[in-house]
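Structure at a glance
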Amino acid sequence: MTRDLTVDGLRDVKDVFFNSFTGEEALITYPVISQIITKIPQIMSLCLGWEQEKRIVRAIAFTPAFFDSSSVISAYILASLAVHNTYQENGTTINLINKVKKDLSDKGIDALLVYRDPSYYGKYGFEVELGKHFIPPYKLQYEFGWQALMLSSTQIENTEFHFTCVEALSDATLW
Ligand SMILES: CC(C)(COP(=O)(O)OP(=O)(O)OC[C@H]1O[C@@H](n2cnc3c(N)ncnc32)[C@H](O)[C@@H]1OP(=O)(O)O)[C@@H](O)C(=O)NCCC(=O)NCCS
(Lines give C-alpha, C1' and ligand atoms only; values in the text may rest on other atoms or scores of the structure.)
Protein backbone atom coordinates (compact mmCIF):
# COMPACT_ATOMS: atom_id res chain seq x y z
CA MET A 1 0.00 0.00 0.00
CA THR A 2 1.41 3.43 -0.88
CA ARG A 3 1.27 6.43 1.44
CA ASP A 4 2.57 9.97 1.35
CA LEU A 5 5.84 10.37 3.22
CA THR A 6 5.71 13.02 5.93
CA VAL A 7 7.80 13.96 8.95
CA ASP A 8 5.92 11.25 10.91
CA GLY A 9 7.43 8.55 8.71
CA LEU A 10 11.02 9.81 8.88
CA ARG A 11 12.17 7.18 11.37
CA ASP A 12 11.05 4.38 9.00
CA VAL A 13 12.61 6.16 6.02
CA LYS A 14 15.92 6.43 7.85
CA ASP A 15 15.75 2.71 8.63
CA VAL A 16 15.12 1.98 4.93
CA PHE A 17 18.07 4.10 3.79
CA PHE A 18 20.51 2.65 6.33
CA ASN A 19 19.39 -0.88 5.40
CA SER A 20 19.71 -0.53 1.64
CA PHE A 21 22.64 1.78 0.90
CA THR A 22 26.05 1.16 2.46
CA GLY A 23 26.60 3.18 5.64
CA GLU A 24 28.80 5.65 3.78
CA GLU A 25 26.22 6.14 0.99
CA ALA A 26 23.34 6.42 3.46
CA LEU A 27 25.11 9.30 5.20
CA ILE A 28 24.84 11.19 1.90
CA THR A 29 21.48 9.95 0.58
CA TYR A 30 19.37 9.98 3.75
CA PRO A 31 19.90 13.72 4.47
CA VAL A 32 18.70 14.46 0.92
CA ILE A 33 15.35 12.69 1.30
CA SER A 34 15.01 13.93 4.87
CA GLN A 35 15.45 17.53 3.66
CA ILE A 36 12.96 16.97 0.84
CA ILE A 37 10.33 15.58 3.21
CA THR A 38 10.82 18.20 5.92
CA LYS A 39 11.52 21.35 3.93
CA ILE A 40 9.69 21.14 0.61
CA PRO A 41 5.92 21.74 0.62
CA GLN A 42 4.06 18.51 -0.18
CA ILE A 43 2.31 20.20 -3.07
CA MET A 44 5.67 20.74 -4.79
CA SER A 45 7.41 17.38 -4.29
CA LEU A 46 6.17 13.80 -4.57
CA CYS A 47 7.35 11.56 -1.74
CA LEU A 48 5.81 8.13 -1.48
CA GLY A 49 6.38 5.18 0.79
CA TRP A 50 5.31 1.59 0.37
CA GLU A 51 3.97 0.16 3.59
CA GLN A 52 4.27 -3.51 4.44
CA GLU A 53 3.76 -5.14 7.83
CA LYS A 54 2.86 -1.68 9.21
CA ARG A 55 6.12 -0.02 8.31
CA ILE A 56 7.55 1.76 5.31
CA VAL A 57 9.88 -0.55 3.42
CA ARG A 58 10.34 1.43 0.19
CA ALA A 59 10.76 5.17 -0.19
CA ILE A 60 10.83 7.32 -3.28
CA ALA A 61 11.08 11.09 -3.70
CA PHE A 62 10.67 13.29 -6.76
CA THR A 63 11.33 17.02 -6.87
CA PRO A 64 10.65 19.54 -9.63
CA ALA A 65 13.21 20.75 -12.15
CA PHE A 66 12.87 24.50 -12.65
CA PHE A 67 13.08 25.65 -16.28
CA ASP A 68 13.09 29.09 -17.78
CA SER A 69 9.57 30.56 -17.62
CA SER A 70 9.35 30.51 -21.43
CA SER A 71 10.15 26.79 -21.53
CA VAL A 72 7.67 24.37 -23.09
CA ILE A 73 8.78 21.50 -20.89
CA SER A 74 8.14 20.37 -17.32
CA ALA A 75 10.03 17.64 -15.47
CA TYR A 76 10.57 16.01 -12.09
CA ILE A 77 13.81 14.55 -10.81
CA LEU A 78 13.87 11.16 -9.11
CA ALA A 79 15.92 12.40 -6.18
CA SER A 80 15.82 9.31 -3.95
CA LEU A 81 14.85 5.67 -4.08
CA ALA A 82 15.63 2.96 -1.58
CA VAL A 83 14.16 -0.42 -0.69
CA HIS A 84 14.86 -2.03 2.69
CA ASN A 85 17.19 -4.97 2.00
CA THR A 86 14.72 -7.48 3.52
CA TYR A 87 12.23 -6.50 0.81
CA GLN A 88 14.52 -6.14 -2.22
CA GLU A 89 14.43 -8.22 -5.37
CA ASN A 90 10.75 -9.17 -5.21
CA GLY A 91 9.85 -7.15 -8.28
CA THR A 92 7.28 -4.89 -6.62
CA THR A 93 9.22 -1.62 -6.77
CA ILE A 94 7.71 -1.27 -10.21
CA ASN A 95 4.31 -0.65 -8.56
CA LEU A 96 5.74 2.41 -6.81
CA ILE A 97 7.38 3.66 -10.02
CA ASN A 98 4.16 3.13 -12.01
CA LYS A 99 2.14 5.04 -9.40
CA VAL A 100 4.55 7.96 -9.59
CA LYS A 101 4.47 7.92 -13.38
CA LYS A 102 0.67 8.07 -13.32
CA ASP A 103 0.47 10.78 -10.62
CA LEU A 104 2.98 13.04 -12.38
CA SER A 105 1.53 12.37 -15.82
CA ASP A 106 -1.95 13.31 -14.46
CA LYS A 107 -0.39 16.56 -13.22
CA GLY A 108 0.73 17.30 -16.78
CA ILE A 109 4.44 16.69 -16.19
CA ASP A 110 6.32 15.94 -19.43
CA ALA A 111 9.44 14.11 -18.25
CA LEU A 112 11.19 12.31 -15.40
CA LEU A 113 14.93 12.63 -14.85
CA VAL A 114 17.31 10.49 -12.85
CA TYR A 115 21.05 10.40 -12.10
CA ARG A 116 21.77 6.79 -11.21
CA ASP A 117 22.73 3.39 -12.54
CA PRO A 118 21.28 3.03 -16.09
CA SER A 119 21.31 -0.76 -15.88
CA TYR A 120 18.62 -0.49 -13.21
CA TYR A 121 16.61 2.50 -14.41
CA GLY A 122 16.66 1.36 -18.03
CA LYS A 123 14.11 -1.29 -17.13
CA TYR A 124 11.65 1.45 -16.15
CA GLY A 125 12.11 3.20 -19.51
CA PHE A 126 14.75 5.80 -18.61
CA GLU A 127 17.15 6.52 -21.50
CA VAL A 128 20.62 8.06 -21.49
CA GLU A 129 20.12 9.59 -24.99
CA LEU A 130 16.96 11.38 -23.86
CA GLY A 131 18.78 12.67 -20.79
CA LYS A 132 21.15 14.63 -23.04
CA HIS A 133 18.33 17.11 -23.76
CA PHE A 134 18.15 18.09 -20.09
CA ILE A 135 21.15 20.08 -18.87
CA PRO A 136 21.69 19.91 -15.09
CA PRO A 137 22.91 22.92 -13.10
CA TYR A 138 26.15 21.13 -12.14
CA LYS A 139 28.82 19.27 -14.07
CA LEU A 140 28.11 15.54 -13.97
CA GLN A 141 30.82 13.31 -12.59
CA TYR A 142 29.26 10.23 -14.28
CA GLU A 143 27.57 11.35 -17.50
CA PHE A 144 26.44 7.80 -18.29
CA GLY A 145 24.13 7.91 -15.25
CA TRP A 146 22.06 10.87 -16.42
CA GLN A 147 18.77 9.67 -17.94
CA ALA A 148 15.28 10.82 -18.85
CA LEU A 149 11.91 9.28 -19.55
CA MET A 150 9.09 11.08 -21.38
CA LEU A 151 5.61 10.95 -19.86
CA SER A 152 4.00 13.13 -22.52
CA SER A 153 4.30 13.32 -26.29
CA THR A 154 5.97 16.74 -26.19
CA GLN A 155 8.62 16.80 -28.91
CA ILE A 156 12.10 17.68 -27.68
CA GLU A 157 14.30 16.94 -30.71
CA ASN A 158 17.25 19.30 -31.21
CA THR A 159 16.47 21.18 -28.02
CA GLU A 160 18.46 21.51 -24.82
CA PHE A 161 16.62 22.44 -21.65
CA HIS A 162 18.65 23.95 -18.83
CA PHE A 163 17.19 23.75 -15.34
CA THR A 164 17.85 24.42 -11.68
CA CYS A 165 16.67 22.28 -8.79
CA VAL A 166 15.46 22.38 -5.20
CA GLU A 167 17.86 23.28 -2.40
CA ALA A 168 18.25 19.65 -1.25
CA LEU A 169 19.85 18.85 -4.63
CA SER A 170 21.69 22.14 -5.06
CA ASP A 171 25.03 20.71 -4.05
CA ALA A 172 27.72 20.11 -6.67
CA THR A 173 29.04 17.07 -4.78
CA LEU A 174 25.76 15.19 -5.45
CA TRP A 175 26.27 15.49 -9.21
C1 LIG B 1 18.17 -0.56 -6.44
C2 LIG B 1 16.97 -0.92 -5.57
C3 LIG B 1 16.08 0.31 -5.37
C4 LIG B 1 16.19 -2.04 -6.27
O5 LIG B 1 15.07 -2.37 -5.49
P6 LIG B 1 14.33 -3.77 -5.66
O7 LIG B 1 13.04 -3.69 -4.91
O8 LIG B 1 15.25 -4.86 -5.32
O9 LIG B 1 14.05 -3.75 -7.22
P10 LIG B 1 13.19 -4.70 -8.09
O11 LIG B 1 12.66 -5.85 -7.29
O12 LIG B 1 12.22 -3.88 -8.84
O13 LIG B 1 14.24 -5.19 -9.16
C14 LIG B 1 15.21 -6.08 -8.81
C15 LIG B 1 16.09 -6.24 -10.04
O16 LIG B 1 16.94 -5.10 -10.18
C17 LIG B 1 18.29 -5.53 -10.20
N18 LIG B 1 19.10 -4.50 -9.55
C19 LIG B 1 19.12 -4.10 -8.27
N20 LIG B 1 20.02 -3.11 -8.09
C21 LIG B 1 20.59 -2.88 -9.30
C22 LIG B 1 21.59 -1.99 -9.76
N23 LIG B 1 22.19 -1.11 -8.96
N24 LIG B 1 21.90 -2.05 -11.06
C25 LIG B 1 21.32 -2.92 -11.91
N26 LIG B 1 20.34 -3.78 -11.53
C27 LIG B 1 20.00 -3.77 -10.23
C28 LIG B 1 18.27 -6.84 -9.46
O29 LIG B 1 19.37 -7.64 -9.81
C30 LIG B 1 16.96 -7.46 -9.96
O31 LIG B 1 17.12 -7.95 -11.26
P32 LIG B 1 16.08 -8.97 -11.94
O33 LIG B 1 14.74 -8.29 -12.01
O34 LIG B 1 16.66 -9.20 -13.29
O35 LIG B 1 16.08 -10.17 -11.05
C36 LIG B 1 17.41 -1.48 -4.19
O37 LIG B 1 18.31 -2.55 -4.42
C38 LIG B 1 18.08 -0.48 -3.29
O39 LIG B 1 17.41 0.20 -2.54
N40 LIG B 1 19.42 -0.43 -3.35
C41 LIG B 1 20.20 0.44 -2.52
C42 LIG B 1 19.87 1.84 -2.78
C43 LIG B 1 20.21 2.28 -4.20
O44 LIG B 1 21.21 1.89 -4.75
N45 LIG B 1 19.33 3.15 -4.74
C46 LIG B 1 19.50 3.70 -6.05
C47 LIG B 1 19.14 2.77 -7.15
S48 LIG B 1 20.34 2.69 -8.49
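Scroll up for the structure.
So, here's what we can say about the structure. Remember, it's a predicted structure, so these values are computed and weren't measured experimentally.

Notes on the packing of helix α1 (residues 10–18) against helix α2 (residues 23–39)
Where α1 meets α2, the closest approach of the two axes is 9 Å, and the angle between their N-to-C directions is 150°. Between α1 and α2, the crossing angle belongs to the class labelled roughly antiparallel. Between α1 and α2 lies a crossing whose hand is right-handed. Along its contact with α1, which presents Leu10, Val13, Lys14, Phe17 and Phe18, the element α2 presents Gly23, Ala26, Thr29, Tyr30, Ile33, Ser34 and Ile37. Of the residues in the contact of α1 with α2, the class split is eight nonpolar, three polar and one charged.

Details of α2
Look at α2: 24 Å from first C-alpha to last across 17 residues, which is about the 24 Å you get at 1.5 Å a residue. Along its length, α2 shows its largest kink, about 25°, at Thr29, and proline Pro31 lies within four residues downstream of that point. For α2, the full list of buried residues reads Thr29, Tyr30, Ile33, Ile36 and Ile37. Buried residues belonging to α2 abut α1, β2 (46–52), β3 (55–67) and β4 (75–83).

Considerations on the site of the ligand
Contacts to the ligand come from 15 residues, most closely from Ser20, Val83, Gln88, Thr93 and Tyr120. For the shell around the ligand, the secondary-structure elements that each account for two or more residues are β4, α3 (93–106) and α4 (118–121). Ranked by residues supplied to the shell around the ligand, first place goes to β4 with three residues. Split by residue class, the shell around the ligand holds six nonpolar, six polar and three charged.

Digging into the environment of Val83
With respect to the helices and strands, Val83 occurs in strand β4. In this structure the C-alpha to C-alpha distance between Val83 and Ala111, which are 28 residues apart in sequence, comes to 23 Å. Other than its neighbours up to four places away in sequence, Val83 contacts Ser20, Val57, Arg58, Gln88 and Thr93.

Re the nonpolar core
Core analysis: the biggest nonpolar cluster contains 46 residues, and Ala59, Phe62, Tyr76, Ile77, Leu112 and Leu113 have the highest contact counts within it. In terms of residue count, the dominant contributor to this core is β4 (eight residues). Among residues more than four places away in sequence, those in contact with Ile77 are Phe62, Thr63, Ala65, Leu113, Cys165 and Leu169.

Digging into the pairing of β2
Looking along a regular strand, one sees side chains alternate from face to face of the sheet. As paired strands, strand β1 (residues 2–4) and β2 are joined by three bridges and run antiparallel to one another. Bridged to Thr2 within β2 is Trp50. Between the end of β2 and the start of β3, which pair antiparallel, lie two residues, with Glu53 showing a positive phi angle near 45°.

Things to note about the environment of Val114
Locating Val114 in the fold gives a position in strand β5 (residues 111–115). Remark: the alpha-carbon pair of Val114 and Glu160, spanning 46 residues in sequence, is separated by 16 Å. What Val114 contacts, discounting residues up to four positions off in sequence, is Leu78, Tyr121, Phe126 and Gln147.

Rules and cut-offs
Residues numbered from 1 in each chain as written. Predicted model: local features only at pLDDT ≥ 70, side-chain atom pairs only at ≥ 80, totals over all residues. Axes fitted to C-alpha atoms, helices over the stretch in contact; angles between N-to-C directions. Helix = DSSP H or I, 4+ residues; strand = E, 2+ residues; numbered from the N terminus. Parallel < 35°, antiparallel > 145°, perpendicular 65-115°, else oblique. Left-handed = near helix turned anticlockwise from the far one by under 90°. Contact = placed C-beta atoms within 7 Å. Nonpolar A, V, L, I, M, F, W, Y, C, P; charged D, E, K, R; others polar. Expected span 1.5 Å × (residues − 1). Bend = angle between axes of the 7 residues up to and from the residue. Buried ≥ 20, exposed ≤ 12 C-beta atoms within 10 Å, placed from the backbone. Near = placed C-beta within 6 Å. Core = buried A, V, L, I, M, F, W, Y, C linked by C-beta atoms within 7 Å. Pairing = 2+ DSSP bridges.

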